[in-house]
Amino acid sequence: MPQDRLAILGGTPVRTRPWPKWPRADQETERVLLQVLHSGRWALSGAYAGETCFERRFAAAFAEYHGVPYCTPTTSGSASLTLAMLALNVGPGDEVLVPALTWVACASSVLAIGAVPVPVDIDEENLAMSPAAAKAAITDRTRAIMLVHPFCTVAAIESFVELSRTAKIPLIEDCSQAHGAAWKQQRVGTFGDVGCFSMQQSKVLTSGEGGACITRSRELSERIEQLRSDGRLFSTATPRTGRLELSEVGAVQGRNLCLSEFQAALLLDRLQHLDSENEYRAARALTLGRLLQDVRGVTPLSAPADLTSRTYYNIVFRIDRDQFAGHTIDTIARALADELNTNVNPVYRPMNRHPLYQPLKAPRGDLSEPEWQRRDISRFATPVAEKVRANYLTLTHPVLLEDDASMEDISRAFAKVRTLAPELRELVVDAAAARQAF
Ligand SMILES: *Cc1c(COP(=O)(O)O)cnc(C)c1O
């Protein structure tokens with residue numbers, strides 16, 4: 001029987017059935033949101049309403065989940081990175097190492113405090129910042145290392161702890177893609193000085209927008225807490241109904257980056273589901289990995305044995321493009337997306353040519369020409385990030401909340417696109433013709 005044409009060329013897609021919705025909510029989620037609605041307290045800076053506010057309850061639960069004493073929720077992942085850097089005294093002109101391949105927020109949050117992001121190439125085995133490249137990138141102006149645990153694995157955390165210790169440069173772990181992941185049974189975010197999280201809608205723990213910083217250091221925690229609530233700290237006195245719970249300390253210059261009570265209530269509720277959802281996704285990813293052993297040219301990113309709890313934000317595959325008629329990764333991703341009726345994307349553009357990293361379009365103030373040019377990172381070469389951009393694809397985590405039969409849809413889609421890849425030439429020819437028509 002001849003196989004159908006590719007969906008992108010008008011054939012029947014492998015799957016039309018919708019994928020699971022994300023984010024998830026149930027009756028309990030609804031209940032806590034209504035509880036906040038009617039409580040009269042919508043912000044931690046609102047008056048005490050007779051019980052511990054959700055922001056404090058989530059902070060305590062998230063700290064306990066990680067086995068650390070302190071957590072400060074905040075408005076976003078970007079805000080958590082900003083707070084971590086400010087608490088660590090990173091200031092204007094200081095250099096911060098960031099991975100060459102990650103979401104733009106890592107570089108833009110550095111830029112936003114007047115500091116200079118330095119892109120560091122990645123290792124292909126885990127798509128995370130390379131410890132060797134990081135060591136080579138350190139200068140006498142380096143003030144922090146911003147390490148991301150990307151996609152569905154964890155960076156070489158032990159090497160970075162060692163590097164941070166010997167070079168005396170603080171380590172910030174950006175765990176926005178790894179909520180709940182553990183290395184040798186220890187959760188990520190607890191190895192460095194501060195662990196940062198995003199709870200934006202796409203993440204595996206979410207309140208729409210949100211974030212958090214965790215730390216073992218009381219001093220850092222008190223700085224972060226004040227930095228995010230205009231210099232105020234929760235008072236240690238017994239709260240009184242109708243009165244504010246914050247006391248004005250001003251040991252640092254703060255501003256307002258507080259999570260609202262609605263968001264904190266959402267996070268406290270959904271945190272209860274994080275482990276079971278992580279386990280469910282990991283089990284589906286195993287099934288998918290087994291199925292893909294029969295599809296030449298598609299290799300899921302493997303994980304080291306020390307990654308004792310593997311979590312999936314995006315599941316990543318290396319594509320041998322020769323097995324796909326040599327097409328570009330973007331073309332292959334588009335064809336797969338149409339077969340599967342979901343997002344299939346290449347990985348990020350390397351930071352030194354990321355379309356959303358535009359430092360020279362920010363207000364310049366009175367920066368001198370050399371200072372201004374330091375922010376332009378196009379001079380850095382990050383060849384591994386370039387190679388990974390050209391050969392890797394991702395699927396987002398909600399597809400892993402489906403059943404095992406749906407994993408067959410994914411492997412069938414890969415197999416179909418691989419077999420019929422020569423047809424994709426029509427698409428490329430069409431696109432060229434369309435460009436000529438203009
Ligand atoms: C999502 C993300 C961020 C930014 O988080 P926001 O909540 O959108 O500000 C930062 N770093 C990484 C690695 C992310 O994935």
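This report concerns the structure included in the present document. Along each chain, numbering runs from 1 in the same order as the chain's sequence is written. Restriction of local features to residues with pLDDT of at least 70 applies here, the model being predicted, together with a cutoff of 80 or more for giving and counting side-chain atom pairs; totals for whole chains, interfaces and linings are based on all residues. For the side-chain quantities, the full set of heavy atoms in the structure was used; hydrogens and water were omitted.

Re the packing of helix α3 (residues 77-87) against helix α4 (residues 105-112)
Phase 1: Where helices are involved, their axes are fitted lines through C-alpha atoms of the stretch in contact, as for all axes, and angles between N-to-C directions lie from 0 to 180°. A run of H or I in DSSP becomes a helix once it reaches four residues, and a run of E becomes a strand once it reaches two; helices and strands are each numbered from the N terminus. With their axes 9 Å apart at the nearest point, α3 and α4 run at an angle of 45° to one another. Here α3 is positioned oblique relative to α4, judged by the angle of their axes. The handedness of the crossing between α3 and α4 is right-handed. Listed contacts from α4 to S78, L81, T82 and M85 of α3 are A105, C106, S109 and V110.
Phase 2: Each residue gets one label: Ala, Val, Leu, Ile, Met, Phe, Trp, Tyr, Cys and Pro are nonpolar, Asp, Glu, Lys and Arg are charged, and the others, such as Gly, are polar. The residue makeup of the contact of α3 with α4, split by class, is five nonpolar, three polar and no charged. When describing relative orientation, an angle under 35 degrees is termed roughly parallel and one over 145 degrees roughly antiparallel, while 65 to 115 degrees is termed roughly perpendicular and anything else oblique. Crossing handedness: left-handed means the near helix sits turned counterclockwise from the far one by under a right angle, and right-handed means the same turn made clockwise. A contact between two residues is defined here by any heavy atoms of the two lying within 4.5 Å.

Let's talk about the site of the ligand
Phase 1: What makes a residue near a molecule or strand is one non-hydrogen atom of that residue sitting within 4 Å of it. Residues in contact with the ligand amount to 15 residues; listed here are only the nearest, G77, S78, D174, S198 and K203.
Phase 2: Each polar contact in these results corresponds to two N or O atoms within 3.5 Å; when the atoms are within protein, one needs to be able to donate a hydrogen and the other to accept it, and residues that are neighboring in sequence are counted only if both atoms are side-chain atoms. Between an oxygen atom of the ligand and a main-chain N or O atom of G77, the distance comes to 2.8 Å.
Phase 3: A distance of 2.6 Å separates a nitrogen atom of the ligand from a polar side-chain atom of D174.
Phase 4: Counting only elements with at least two residues in the shell around the ligand, the list comes to α3 and α4.
Phase 5: For the shell around the ligand, a count of residues per class yields four nonpolar, nine polar and two charged.

Considerations on the sheet that holds strand β13 (residues 314-319)
Phase 1: A pair of strands is labelled paired if DSSP reports no fewer than 2 bridges between them. What the four strands build is an open sheet, ordered β12-β13-β15-β14; its pairing is antiparallel. Of all the strands in the sheet, the pair left with one neighbour each is β12 (298-300) and β14 (344-346). Within this sheet the neighbouring strands show an average axis-to-axis angle of 35°, counted without direction.
Phase 2: With three bridges connecting them, β12 and β13 associate as antiparallel partners. Paired with P300 across the bridge in β13 is F317.
Phase 3: Its contacts with the sheet put helix α9 (residues 329-340) on β13, β14 and β15 (392-396), and the angle it makes with β14 is roughly 170°.

Structural notes on the packing of helix α2 (residues 54-66) against helix α8 (residues 261-292)
Phase 1: Viewed as axis vectors pointing N to C, α2 and α8 meet at an angle of 30°, and their least axial separation amounts to 8 Å. Judged by the angle between their axes, α2 and α8 are roughly parallel. Taken as a pair, α2 and α8 cross one another with a handedness that is left-handed. From α2, F54, E55, R57, F58, A61, F62 and Y65 reach across to α8, where they touch E261, A264, A265, L267, L268, L271, L274 and D275.
Phase 2: Partitioned by chemical class, the residues of the contact of α2 with α8 number eleven nonpolar, no polar and four charged.

Focus: the pairing of β15
Phase 1: When accessible area is computed with a 1.4 Å probe and restricted to protein chains, residues below 20% of their type maximum are described as buried, those above 50% as exposed, and intermediate ones as partly exposed. Taking burial as the measure, the five residues of β15 include four buried ones, the bulk of the element.
Phase 2: Here β14 pairs with β15 via three bridges, running antiparallel. Bridged to N345 within β15 is T394.

What about the nonpolar core?
Phase 1: Counting 50 residues, the largest nonpolar core has F317, I319, L393, I410 and F414 as the members making the most contacts within it.
Phase 2: Elements that contribute at least two residues to this core include exactly α8, β13, α9, α11 (383-391), β15 and α12 (404-419).
Phase 3: For this core, the element with the highest residue contribution is α9, accounting for seven residues.
Phase 4: Think of a nonpolar core as a cluster: buried Ala, Val, Leu, Ile, Met, Phe, Trp, Tyr and Cys residues, connected wherever their side-chain atoms sit within 4.5 Å. Counting residues in each nonpolar core, the second largest holds 46 residues, with F191, A264, A265 and L274 among its members.

Description of a nonpolar patch on the surface
Phase 1: In this scheme, patches are assembled from residues that exceed 30% relative accessible area and form no salt bridge. Like charges are connected within 9 Å, while nonpolar side chains (Val, Leu, Ile, Met, Phe, Trp, Tyr) are connected within 5 Å. Method for areas: the Shrake-Rupley scheme with a 1.4 Å probe, in which residue coverage is limited to the protein chains shown. Definition used for salt bridges: Asp or Glu carboxyl oxygen within 4 Å of a side-chain nitrogen of Lys or Arg. Among the surface-exposed residues, L34, L37 and W42 lie close enough to one another that they form a single nonpolar patch of about 300 Å² accessible area.
Phase 2: Residue position: L37 is located in helix α1 (residues 27-39).

Considerations on the environment of V161
Phase 1: With respect to the helices, strands and loops of the structure, V161 is situated in helix α6 (residues 157-167).
Phase 2: Between the C-alpha atom of V161 and that of L171, which follows or precedes it by ten residues, the distance is 7.3 Å.
Phase 3: Those residues within four positions of V161 in sequence are excluded, and the remaining contacts are L171 and F191.

Points about the pattern of salt bridges
Phase 1: Applying the stated criterion across every chain yields a total of 30 salt bridges.
Phase 2: Between R228 and E55 there is a salt bridge, with its nearest N and O atoms 2.9 Å apart. Of the two residues, R228 is situated in helix α7 (residues 218-228) and E55 in helix α2; the sequence distance between them amounts to 173 residues. As far as the burial class goes, R228 and E55 line up, both buried.
Phase 3: R187 is the salt-bridge partner of D275, the closest N and O atoms lying 3.9 Å from each other. With a gap of 88 residues between them, D275 in helix α8 and R187 in strand β7 (residues 186-187) connect regions that are remote in the sequence.
Phase 4: Using a relative accessible area of 31% as the deciding quantity, one classes D275 as partly exposed.
Phase 5: When salt bridges with common partners are traced through the structure, they connect R15, R17, E402, D409 and R412 into a single cluster.

Function cannot be read off these values alone, since they describe shape.
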